[in-house]
Amino acid sequence: MVKSQTKHVRRNNGTEKTGTPVLPGQVVLVFQGGGALGAYQAGVYEALHEAGIEPDWVIGTSIGAINGALIAGNPPELRLQRLRTFWKGVEQNVGANLPVLYPSLASTLVNWKTMVTGIPSFFTPNPLALLGPHALVGVENAAYYSASPLRDTLDKLVNIDYINNQDVRISLGAVKICNGEMTYFDSRNDTFTVNHIMASGAFPPAFPAVCVDGEFYWDGGIYSNTPLEAVLDDHPRRDSLIFTVDIWNPDGAKPMSLWDVAGREKDIKYASRAHSHIARQKQIHHLRHVILELTKAIPEKTRESREIRELASWGCKTTMHVVRLVESSVPGEDQMKDIDFMSAHIHARWQAGYADTRRMLDLAPWRQPVDPIEGVIIHDAQGGAAPSLAKGVDGFEGRTK
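Per chain, residues are indexed from 1 in the order of the written sequence. Only residues with pLDDT of at least 70 are given local features in this predicted model, and only at 80 or more are side-chain atom pairs given and counted; all residues enter the totals for whole chains, interfaces and linings. Heavy atoms from the whole structure form the basis of all side-chain values; hydrogens and water molecules are not counted.

Draft legend 1. Seen up close, the nonpolar core. Membership of the largest hydrophobic core comes to 68 residues, with the highest contact counts inside it found for Ile 66, Phe 86, Trp 87, Phe 122, Phe 243 and Trp 366. Under the DSSP-based scheme used, a helix requires at least four consecutive residues in state H or I and a strand at least two consecutive residues in state E, with every element numbered from the N terminus. At 7 residues, the largest contribution of residues to this core is made by helix H2 (residues 63–72). Contact criterion: two residues are considered in contact whenever any of their non-hydrogen atoms come within 4.5 Å of each other. Beyond its immediate sequence surroundings of up to four residues, Phe 86 is in contact with Ile 63, Ile 66, Leu 70, Phe 122, Leu 150, Thr 153 and Leu 157. Ranked by size, the runner-up nonpolar core spans 14 residues in total, among them Trp 57, Ile 242, Ile 278 and Val 322. For our purposes a nonpolar core is just a set of buried Ala, Val, Leu, Ile, Met, Phe, Trp, Tyr and Cys residues, chained together by side-chain atoms within 4.5 Å. Throughout this description, buried means an accessible area under 20% of the type-specific maximum (1.4 Å probe, protein chains only), exposed means over 50%, and partly exposed covers the range between.

Right under this line is the structure:
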């Protein structure tokens, strides 16, 4: 396991002393799960790192948990290197010329190779799976693959001591397998081990459940793959600049074949109702601001009563800027894209994440004045155009007069 060498001083985003951009609050990264698509998240981090912006808090599930751990589990000067090492280690190839001459065939061969032999630094076939689906092999073996290689990789690349020193807060989503309850392992409250990361990435039935403190968990992405609510429901809340990085795009063309149908169904399922989640959180946070404003209108003597103070505690004055970065498909992708670890596609996704983030940083829409009654401001520009996601205070064109 990587060990700490020095105690790193926590950097402060948005100060003139550090020369970093002035930002409207703590910086939060929210990473979805999605296997090979997670290379896009690494590109997002590279652009932020290059701009001198480091996260105060990383929230992730599945591959987002792994990327999050590689960031939160290393000092700033090592984070990009660790991300590159991990993603280089999972790249798959089938010859130098085939991807150029026959890209579709190359993707198919890479995907089949991954399913049959696994990825040496990530997962390998579980021989117990050959006993059949009804064999009572035990909860920690009931999977098609073993994730032991991932454990070894994380031991080498993630500094668990650094996470537990709480330089960067990290929260990872997982589901208790016996009651379906969503849990967020949080370094603010929990002492992390590699098992916490493994549990958040234990996607069934590919990977087996992982035990943490006597409970067995699966990948949080099967319950909620867009863990934005962890930020907006946090207590105490802080002004935040939240980069929510969605690697499943709910928007897409009409599927014209059964193969396309399977891909579109996957996109919608694992986008995890991101639009409606953001709209609802926007509405809830707006109501918190309304409560705060109503409290100000109450006479001071009445306002100091125990009952009114309790009601007023539901109010909030924080402002949350939510920057949505949504991955678009790279040429040659299909419904198997989440296991498509072909080198060319990994590089393309990484570069797309980098370019999209650079574009958003150049726009810096969070610098614009905002209506103080709006607690959540959505920045969802793609290619320079700003769609009307969650427009209005309630997310449905609503407006409080």
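Draft legend 2. Region of the structure containing the pattern of salt bridges. Take a side-chain nitrogen of Lys or Arg and a carboxyl oxygen of Asp or Glu: if they are within 4 Å of each other, that pair is a salt bridge. Under the definition given, this model contains 22 salt bridges. The closest approach of N and O atoms between Asp 380 and Arg 324, which form a salt bridge, is 3.2 Å. With Asp 380 in the segment after strand E11 (376–379) and Arg 324 in strand E10 (residues 320–326), this pair connects stretches of sequence that are 56 residues apart. Look at Asp 380 and you get buried, because its relative accessible area is 9%. Residue class for Arg 324 comes out buried when judged on its relative accessible area of 2%. Residues Glu 327 and Arg 349 are paired through a salt bridge, measuring 3.8 Å at the closest nitrogen-oxygen approach. Highlighted residues: Glu 327 in the loop between E10 and helix H14 (343–363) and Arg 349 in helix H14, separated in sequence by 22 residues. Owing to a relative accessible area of 4%, Glu 327 belongs among the buried residues under this scheme. Note on Arg 349: relative accessible area 0%, which makes it buried. Among the charged side chains, a network of salt bridges with common partners joins Arg 169, Asp 186, Arg 188 and Asp 234.

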